[in-house]
Amino acid sequence: MRKALKNNLLEIFKTIYEAHGIVKSFIDKKEYDNAQNLLADCQDTAIQIGNLIEESEGEGFITVSFLEEYCEALYEASINFSESNGYKVQKQLDKKIIKAENSVRNDIEEKIHIAFFPYKASMWGSFESIWKTAKSCDKCEVAVVAIPYCEYDEKMKAKKWIYEADAFPADVEIIPYQNYKLETQNPDISFIHNPYDNQNTLTSVYPYFYSENIKRHSGCLVYSPYFTLGTYRPENTMFFINSGSKNADKIIVQSKFVADLYLKHGYNKEKLIVLGSPKVDSIVNSCGKEAGNKRNEYMPDEWKSKLADKDKIFLLNTHWSYFLNGHIYKEKNNTYDFAQRYHNDLLNAINKFEGKVGLIWRPHPLLISAIEQRCPMLLEYINDFTKRLEESDYAVIDRNGSYVNAFNCSDAMITTYSSIINEYLLTEKPVHIFQSKPSDEVGENSPIDYRKCYFYFKKDNGMSFQRFIQMVINNEDPMYEERMRMLTEKAFANTDGTAGEKILQHLIDN
């Protein structure tokens, strides 16, 4: 039986006891018609409880027999008012109904209804380990409701609606959003990973599933961020000041360091679950060092003709804002577009290794829609770059919802700033960033200290693409120890793959 229903039934028993007391008062005052009517109401209530229990637990469930005994006692009481003592009637009825109440409390197994509301399949990792734990827990029944979302045009109008139900892992059973009514399901625990509701300038989930409405119909609303926080700057408040975070009853926090940042933004300590990020579980369990070398296992067949024979494979991650900023820089300074320049430089560097090196490009999932909305003149370069990779003999483009294949098949990542760096670092593989190195102040005050990665620019004592590629080919990683220490001591709690399990247990216990 659903936890909420069981709790409701137990609350109803309290009203029945109160009714017995009122029946006593009516009998003592010889107001027999009032007593009769109230006993009839008690009988109707008992029958409704029995029907609900049979719907949930099946016909003939033991509690129903106790309710039938109670109904017989109600009948006996109703035909002997003139000879009855109000106190005696109350005690007799209490004695019968307490058997039914104790049976509901002890004989009916409590089920916690947990609902997950993802919208992008690529963000499923923020739920996955909690979902797996709930699925294997006898106390839980689980629903995954994929939410449709729209992409905005330049006027913040819905340009198109997208529904990714078919893009989730095959073992995730998706309930069509049209079939899940919050008003009737009333989940005990609801999980969201999109906190922005109508505050995002690029996308919006279907308004019915805004955090305020989910909270209204849920016992507990939990926000599990779709990202892990890397750099922190006080002026960048969107990660903390948003409707989902405010409406949530609980927020899953990746580390004590990040919890302290939430506290600075006015959140109560009791609202924060500081047990690590489910995204960490997803990476550690499927891509971490303990998982072993899984290149062959995770390489899709369509990649093998280009990548299977490469000595080393590099994952190129490009955030959509990088291309936009490169164009703005060119227009403002009347000079070159740095985003295009460095992407071209990388391909040139790879070609110098004469077929020994492969590339997986994983563009940001919102790249095309963001460029179309904000800077459509860049589409020509994006399309040209895409075509060059598709026609090459060393590069593939990863458009899968999950980045597990790309993480497992690659030996290192070359990237612009993006939260995907945070997850990739957990694979224990090196990361090369072709943007400016953070200042010492930013590095010290951020959850993830990117200074433990490798950088491109000479001013940052960096290394060229070619030099980084050669370092990886040589199996060198001089910053490895410092990087791992930073991740386990500062960036994340529970880096052993157990965050989801501990989070769910915490929610059930509290």
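Going by the structure above, here's the rest.
Conventions used here
Residues numbered from 1 in each chain as written. Predicted model: local features only at pLDDT ≥ 70, side-chain atom pairs only at ≥ 80, totals over all residues. Heavy atoms only, no water. Helix = DSSP H or I, 4+ residues; strand = E, 2+ residues; numbered from the N terminus. Buried < 20%, exposed > 50% of the residue type's maximum accessible area, 1.4 Å probe, protein only. Contact = heavy atoms within 4.5 Å. Lys, Arg positive; Asp, Glu negative; His and termini not counted. Charge placed at Lys NZ, Arg CZ, Asp CG, Glu CD. Phe/Tyr/Trp six-rings, centres within 6.5 Å; stacked < 30°, edge-to-face > 60°. Lys NZ or Arg CZ within 6 Å of the ring centre and 35° of its normal. Pairing = 2+ DSSP bridges. Axes fitted to C-alpha atoms, helices over the stretch in contact; angles between N-to-C directions. Core = buried A, V, L, I, M, F, W, Y, C linked by side-chain atoms within 4.5 Å. Arc of directions from axis to C-beta. Parallel < 35°, antiparallel > 145°, perpendicular 65-115°, else oblique. Nonpolar A, V, L, I, M, F, W, Y, C, P; charged D, E, K, R; others polar. 1 Å grid on protein atoms, 1.4 Å probe; cavity = no way out; pocket = protein on both sides within 12 Å on 5 of 7 lines; lining within 4 Å. Points joined across faces, edges and corners; volume = space filled by probe spheres on them. Salt bridge = Lys/Arg side-chain N within 4 Å of Asp/Glu carboxyl O. Polar contact = N/O pair within 3.5 Å; in protein donor to acceptor, adjacent residues only side chain to side chain. Left-handed = near helix turned anticlockwise from the far one by under 90°.

Scanning the chain from terminus to terminus reveals 22 helices and 15 strands. Considering only C-alpha atoms, the chain reaches an extent of 105 × 50 × 45 Å along its principal axes. Within the chain, the fraction of its 510 residues that count as buried is 55%. Taking the intrachain contacts of the chain between residues at least 6 apart in sequence as the baseline, contacts between residues at least 24 apart amount to 72%. Positive and negative side-chain charges of the chain, numbering 61 and 73 respectively, have mean locations separated by a distance of 6 Å.

A word on the packing of aromatic side chains. For any pair of aromatic rings, the description rests on two quantities: the centre-to-centre distance and the angle between the ring planes. Counted according to the given criterion, the structure contains 37 aromatic pairs. Ring geometry for Tyr119 versus Tyr149: centroids 5.1 Å apart, planes at 85°, classification edge-to-face. You can see Tyr119 sitting in the loop between β1 (112–117) and α5 (128–135) and its partner Tyr149 sitting in strand β3 (residues 149–152), a full 30 residues away along the chain. Comparing Tyr119 with Tyr149, the two get one shared label, buried. A ring pair is formed by Tyr322 and Phe434, whose centres lie 5.3 Å apart and whose planes are at 85°; its orientation type is edge-to-face. Placement of the pair is Tyr322 in helix α13 (residues 320–333) and Phe434 in the loop between β14 (431–433) and α19 (440–444), with a sequence separation of 112 residues. What links up through ring pairs into an aromatic cluster is the set Tyr322, Tyr329, Tyr336, Phe338, Tyr342, Phe434, Tyr456, Phe457 and Phe465. Against the face of Tyr336 rests Arg341, its NZ or CZ located 4.6 Å from the ring centre.

The subject of this paragraph is the sheet that holds β3. Read across the open sheet, the 3 strands follow the order β4-β3-β6; overall the sheet is antiparallel. One side of each edge strand has no neighbouring strand; the edge strands of this open sheet are β4 (158–162) and β6 (203–205). Sheet twist, expressed as the average angle between the axes of neighbouring strands with direction ignored, equals 25°.

Take helix α21 (residues 480–491) next. The complete set of buried residues in α21 reads Arg483, Met484, Met486, Leu487, Lys490 and Ala491. Turning to α21, the residues buried within the fold contact α9 (256–264), α18 (420–425), α19 and β15 (454–455).

Moving on, we get to the nonpolar core. Ranked by size, the top nonpolar core spans 45 residues in total, and within it Phe314, Phe323, Leu359 and Phe468 carry the most contacts. With 7 residues, helix α14 (residues 338–351) is the largest single contributor of residues to this core. The next biggest cluster of nonpolar side chains, apart from the first, holds 34 residues, and it includes Val284, Phe407, Leu425 and Ile433.

So, about the sheet that holds β1. An order of β2-β1-β5-β7-β8-β9 is seen for the 6 strands of this open sheet, with the pairing classed as parallel. Looking along the sheet, the strands with just one partner apiece sit at the ends: β2 (140–144) and β9 (272–274). In this sheet, adjacent strand axes meet at a mean angle of 20° when their direction is disregarded. Here 4 bridges tie β1 to strand β5 (residues 189–192), and the two strands are oriented parallel to one another. Within β5, the residue paired with Ile114 across the bridge is Ile189. Running at roughly 140° to β2, α5 makes contact with β1, β2, β5 and β8 (250–253) of the sheet. The strands touched by α9 are β7 (220–223), β8 and β9; relative to β9, the strand with the most contacts, the crossing angle is about 165°.

So, about α9. Those residues of α9 that sit buried are Val258, Ala259, Leu261 and Tyr262. Each buried residue of α9 lies within a common arc of 155° when the element is viewed along its axis, so the set occupies one face. Turned more than 90 degrees off the buried face of α9, the exposed positions are Lys256 and Lys264. Of the surrounding secondary structure, the elements contacted by the buried residues of α9 are β7, β8 and β9. Backbone geometry just after α9 places Gly266 at a positive phi near 95°.

Okay, the packing of α14 against helix α16 (residues 379–391) next. It is at 12 Å that the axes of α14 and α16 come closest, and there the two elements cross at 10°. Looking at the two axes, α14 sits roughly parallel to α16. Here Gln340, His343, Asn344 and Leu347 of α14 come into contact with α16, specifically with Tyr381, Phe385, Arg388 and Leu389. Split into classes, the residues belonging to the contact of α14 with α16 amount to 4 nonpolar, 3 polar and 1 charged.

Here the focus is empty space enclosed by the protein. Summed over the entire model, instances satisfying the criterion amount to 2 cavities of 30 Å³ or more. By volume, the largest cavity amounts to about 130 Å³. Looking at the largest cavity, it is lined by 15 residues, and the ones nearest its centre are Pro225, Phe227, Ile252, Val253 and Gln254. When residues of the lining of the largest cavity are traced back to their parent elements, those giving at least two are β8 and α9. Looking at the second largest cavity, its volume works out to about 50 Å³. If you trace the second largest cavity, you find it lined by Phe117, Ile147, Ile192, Asn194, Asp197, Val205, Phe209 and Ser211. Considering only residue class, the lining of the second largest cavity consists of 5 nonpolar, 2 polar and 1 charged.

Mapped onto the fold, Lys310 is located in the loop between α12 (301–307) and β10 (312–318). The buried charged residue Lys310 lacks any salt bridge, with Asp309 as its nearest oppositely charged partner at 4.1 Å. Looking at Lys310, its side chain comes within polar contact range of the main-chain oxygen of Gly355, at 3.1 Å. When near neighbours in sequence (up to four residues on either side) are disregarded, Lys310 contacts Arg295, Gly355, Lys356, Val357, Gly358, Asp393 and Tyr394.

Our focus in this paragraph is the pairing of β4. Relative to β4, β3 runs antiparallel, the two being bridged by 4 bridges. Across the sheet, residue Tyr149 finds its bridge partner in β4, namely Ile162.

For the pair helix α3 (residues 62–78) and helix α4 (residues 86–107), the least separation of the axes is 9 Å and the interaxial angle reads 170°. Classified by the angle between their axes, α3 and α4 sit roughly antiparallel to one another. In this structure, the crossing between α3 and α4 has a hand that is left-handed. Residue-level inspection shows Ile62, Thr63, Phe66, Leu67, Glu69, Tyr70, Ala73, Leu74 and Ala77 of α3 in contact with α4, the latter providing Val89, Leu93, Lys96, Ile97, Lys99, Ala100, Ser103, Val104 and Asp107. Across the contact of α3 with α4, the residue classes tally to 12 nonpolar, 2 polar and 4 charged.

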